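Letter by letter, the chains look like this.
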Amino acid sequence: MAKITASVYTSHVPAIGAALDLGKSNEPYWQPVFKGYDFAKQWIKDNPPDVIFLVYNDHATAFSLDMIPTFAIGTAAEFQPADEGWGPRPVPTVIGHPELAAHIAQSVIQDDFDLTIVNKMDVDHGLTVPLSLMFGQPPADDFRWPCPVIPFAVNVVQYPVPSGKRCFNLGKAIRKAVESFDQPLNVQIWGTGGMSHQLQGPRAGLINKEFDNAFLDRLINDPEGQASVPHIDYVREAGSEGIELVMWLIARGAMDDIDPAPLGAATPDATKNRVASAHPVCVKQRFYHIPASNTAVGHLILENS
């Protein structure tokens, strides 16, 4: 009875959270970034989810190099914003959905995907920045996020990391799990991280606009093909942190195929190479901007038929 109705894809740059928290979103440097999410804020008001399944990577807050699960699902009732070295972000506690999370874990594990069950963890900017970008900063008199969130952490920090194909097929298993849940919930799945960036070494500051836009094209039009790309290609072309993009494939795996109908005026450049499908997905928004801090920012919204 539950259903995945849409997917959201976005970078989760920590400096974006800092810009919001420090009131810098209207500064000339940051204005183009936040303007790219104006459509998203209105879209999510018009299409409010009951639950968000949010795929992200932890940045050494809930997990350390002592223990890093490949896939970890948060099954707790709530998750506190993490202190990442300068205090927690001034955002609300994330309310979970333990019943749906436990159901997804049961179904996905029985489908032969090994998940780590996490009953207590703090969540860092990888999860809270996407919420801020989509919902804005919650007002002080109603300091809560609009809906429950199930955190799903993926290891893209310590090699070996999961393959794109593994992530894409995991998305399919998550969709199957959601659709077998016996409550009429509107579920959105969000894939976060990326796009191209490298934080250290001789290539620090790397941004590859061509790779990023080709990734967006293939994520929309040929996700199976994109899922077959080996991890070394991400590292070579998109930087050491570009591997975060495999998390977008989890969200895309939970979606339908591509819609042959024309896009709206907001995203006319994404019409090329589209193919027909019996179960189409509709591209509602596509946005790309460089730079934000030392990173390329990408954003998509897809709706299932």
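This is a predicted model, so every value here is computed, not measured.

Here we take up unusual backbone geometry. Trans is the prevailing form of peptide bonds, just as negative phi is the prevailing case for residues other than glycine. Each neighbour pair has its own omega, and for Gly194 with Met195 the value is 5°, a cis peptide bond. Looking at the secondary structure, you find Met195 in the loop between strand S8 (186-192) and helix H7 (209-221). Look at Ala60: it is not a glycine, yet its phi comes out positive at around 65°. As for its position among the elements, Ala60 is in the loop between strand S2 (51-56) and strand S3 (71-74). For Ala60, a relative accessible area of 63% corresponds to the exposed category. Phi at Ser293 takes a positive value of approximately 65°, unusual for a residue other than glycine. Counting through the fold element by element, Ser293 comes out in the loop between strand S10 (280-292) and strand S11 (295-304). Residue classification places Ser293 among the partly exposed positions, given a relative accessible area of 38%.

Here the largest pocket is characterised by a volume of approximately 320 Å³. Lining the largest pocket we find 18 residues, and of these His59, His197, Leu199, Glu241 and Glu244 sit closest to its centre. A class-by-class count of the residues in the lining of the largest pocket yields seven nonpolar, nine polar and two charged.

This brings us to the confidence of the model for the protein. On average, the protein scores 92 in pLDDT, and the residues at 70 or more come to 93%. A low-confidence stretch, residues 260-278 stays under pLDDT 50, and its non-local contacts, those more than four residues away or across chains, total 32 contacts.

What follows is about the nonpolar core. Among the nonpolar cores identified, the biggest contains 57 residues, and Phe152 and Ile250 are the most heavily contacted of them. Among the elements that make up this core, the one with the highest residue count is helix H6 (residues 164-179) (seven residues). Those residues in contact with Phe152 that lie beyond four places of it in its chain are Phe53, Leu54, Val55, Tyr56, Phe71, Ala72, Ile73, Leu115, Leu170 and Ile250. Grouped together as the second largest cluster of nonpolar side chains are 39 residues, Ala19, Val33, Leu54 and Leu133 included.

On to the pairing of S10, then. Looking at chain direction, S10 and S11 are connected through nine bridges and run antiparallel. For Val283, the partnering residue across the bridge sits in S11 and is Leu302. The hairpin turn running from S10 into S11, its antiparallel successor, is two residues long, and Ser293 in that turn takes a positive phi close to 65°.

In this model, H7 (13 residues) spans 18 Å end to end at C-alpha, consistent with the 18 Å of a helix rising 1.5 Å per residue. The opening residue of H7 is Asn208, an N-cap whose side-chain oxygen sits 3.3 Å from the backbone nitrogen of Glu210.

Further remarks concern the environment of Asp50. Along the chain, the position of Asp50 falls in the loop between helix H3 (38-46) and S2. The sequence separation of Asp50 and Ile301 amounts to 251 residues, and the corresponding C-alpha distance is 17 Å. Beyond its immediate sequence surroundings of up to four residues, Asp50 is in contact with Cys147, Pro148, Pro184, Leu185 and Asn186. One polar contact links the side chain of Asp50 to the main-chain amide nitrogen of Asn186, over a distance of 2.7 Å.

To continue, consider the pairing of strand S7 (residues 149-154). Burial within S7 is extensive, with six of its six residues counted as buried. Burial of S7 is two-sided: the residues Val149, Pro151 and Ala153 facing one way and the residues Ile150, Phe152 and Val154 facing the other way are all buried. Judged from the five bridges that link them, S2 and S7 form a sheet pairing that is parallel. Residue Phe53 lies in a different strand from S7, and its bridge partner there is Ile150. Across three bridges, S3 lies against S7 in antiparallel orientation. Paired with Phe71 across the two strands is Val154, which belongs to S7.

Quick notes on the rules
Residue positions are counted from 1 within each chain, in the order its sequence is given. The predicted origin of the model limits local features to residues at a pLDDT of at least 70 and limits the giving and counting of side-chain atom pairs to 80 or more, whereas totals for whole chains, interfaces and linings rest on all residues. Just so you know, side-chain values use all the structure's heavy atoms and leave hydrogens and water out. We count a stretch as a helix when DSSP gives it H or I for four or more residues in a row; a strand needs E for two or more, and each element gets its number in order from the N terminus. Throughout this description, buried means an accessible area under 20% of the type-specific maximum (1.4 Å probe, protein chains only), exposed means over 50%, and partly exposed covers the range between. Detection works on a 1 Å grid of protein atoms alone, calling trapped sets that fit a 1.4 Å probe cavities and calling open sets with protein on both sides within 12 Å along at least five of seven lines pockets, with lining residues defined by an atom within 4 Å of a point. Grid points are joined across faces, edges and corners, and a volume is the space filled by probe spheres set on the points. In this count, Pro and Cys sit with the nonpolar residues alongside Ala, Val, Leu, Ile, Met, Phe, Trp and Tyr, while Asp, Glu, Lys and Arg are called charged and the others, Gly among them, polar. A residue's pLDDT is the predictor's confidence in that residue, given on a scale from 0 to 100. For this analysis, residues touch if any pair of their heavy atoms sits within 4.5 Å. We call a set of buried residues a nonpolar core when its members are Ala, Val, Leu, Ile, Met, Phe, Trp, Tyr or Cys and they connect through side-chain atoms within 4.5 Å of each other. A pair of strands counts as paired when DSSP detects no fewer than two bridges linking them. Between the first and last residue of a helix there are one fewer steps than residues, each counted as 1.5 Å, and that sum is the expected span. Here a polar contact is taken to be a pair of N or O atoms separated by no more than 3.5 Å, where protein atoms must pair a possible hydrogen donor with a possible acceptor and residues adjacent in sequence count only if both atoms sit in side chains.

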